[in-house]
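Structure assessment
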Amino acid sequence: MTISKENESVNSDELIKAWEQISRSMRIHKCLYPECKSDHVILSHAFQKNGVLTQISENGEVYMPKPRPTDMIARMTKYGLKKATVFSGFCGKYVYKKLA
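Residues numbered from 1 in each chain as written. Predicted model: local features only at pLDDT ≥ 70, side-chain atom pairs only at ≥ 80, totals over all residues. Heavy atoms only, no water.

Pairing between side chains of opposite charge can happen when their charged atoms approach one another. Counted by the stated rule, this structure contains 1 salt bridge. Between Lys78 and Glu61 there is a salt bridge whose closest N-O contact spans 3.8 Å. With Lys78 in strand β5 (residues 75–80) and Glu61 in strand β4 (residues 61–66), this residue pair connects regions lying 17 residues apart in the sequence. (Salt bridge = Lys/Arg side-chain N within 4 Å of Asp/Glu carboxyl O. Helix = DSSP H or I, 4+ residues; strand = E, 2+ residues; numbered from the N terminus.)

Below you can see the structure in the form of structure tokens.
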């Protein structure tokens, strides 16, 4: 699909790639744990992969809303368990402390 605006046309695939690049650049780069100064954060799950995510998964996949630059409403999208509910926010030292 191509989006046109006054002699400009943008391919929706290009728009989605740009959106994904912006989303990656907006990730948190400092540990959110109080008083931690680490700037090496790792990706962690908001929900335990081997807990609730496995219980609600079907064939190792779950549905989550995914915002898209071309839609006003986030569409339900299928994610594998490795990517579901993943965010950057804690360094390796504190990622497990937040779960305790």
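From this point, the narrative continues.
A word on the environment of Ala74. Its place among the elements puts Ala74 in the loop between β4 and β5. Judged by its relative accessible area of 34%, Ala74 is partly exposed. (Buried < 20%, exposed > 50% of the residue type's maximum accessible area, 1.4 Å probe, protein only.)

Throughout the structure, instances matching the rule amount to 2 aromatic pairs. Judged by centre distance (3.9 Å) and plane angle (10 degrees), the rings of Tyr33 and Tyr94 are stacked. With Tyr33 in the loop between α1 (12–25) and β3 (41–45) and Tyr94 in the segment after β6 (86–91), the pair connects residues that are 61 residues apart, well separated along the chain. Aromatic side chains Phe87 and Phe90 sit 6.2 Å apart centroid to centroid with 80 degrees between the ring planes, which places their arrangement in the edge-to-face category. Judged by its relative accessible area of 26%, Phe87 falls in the partly exposed class. (Phe/Tyr/Trp six-rings, centres within 6.5 Å; stacked < 30°, edge-to-face > 60°.)

As a further point, take the nonpolar core. Counting residues in hydrophobic clusters, the biggest one holds 7 residues: Cys31, Cys36, Val41, Phe90, Cys91, Tyr94 and Val95. Membership of the second largest hydrophobic core comes to 6 residues, among which are Leu53, Val62, Tyr79 and Leu81. (Core = buried A, V, L, I, M, F, W, Y, C linked by side-chain atoms within 4.5 Å.)

So, to be careful, I would describe these as geometric facts and stop short of saying anything about function.
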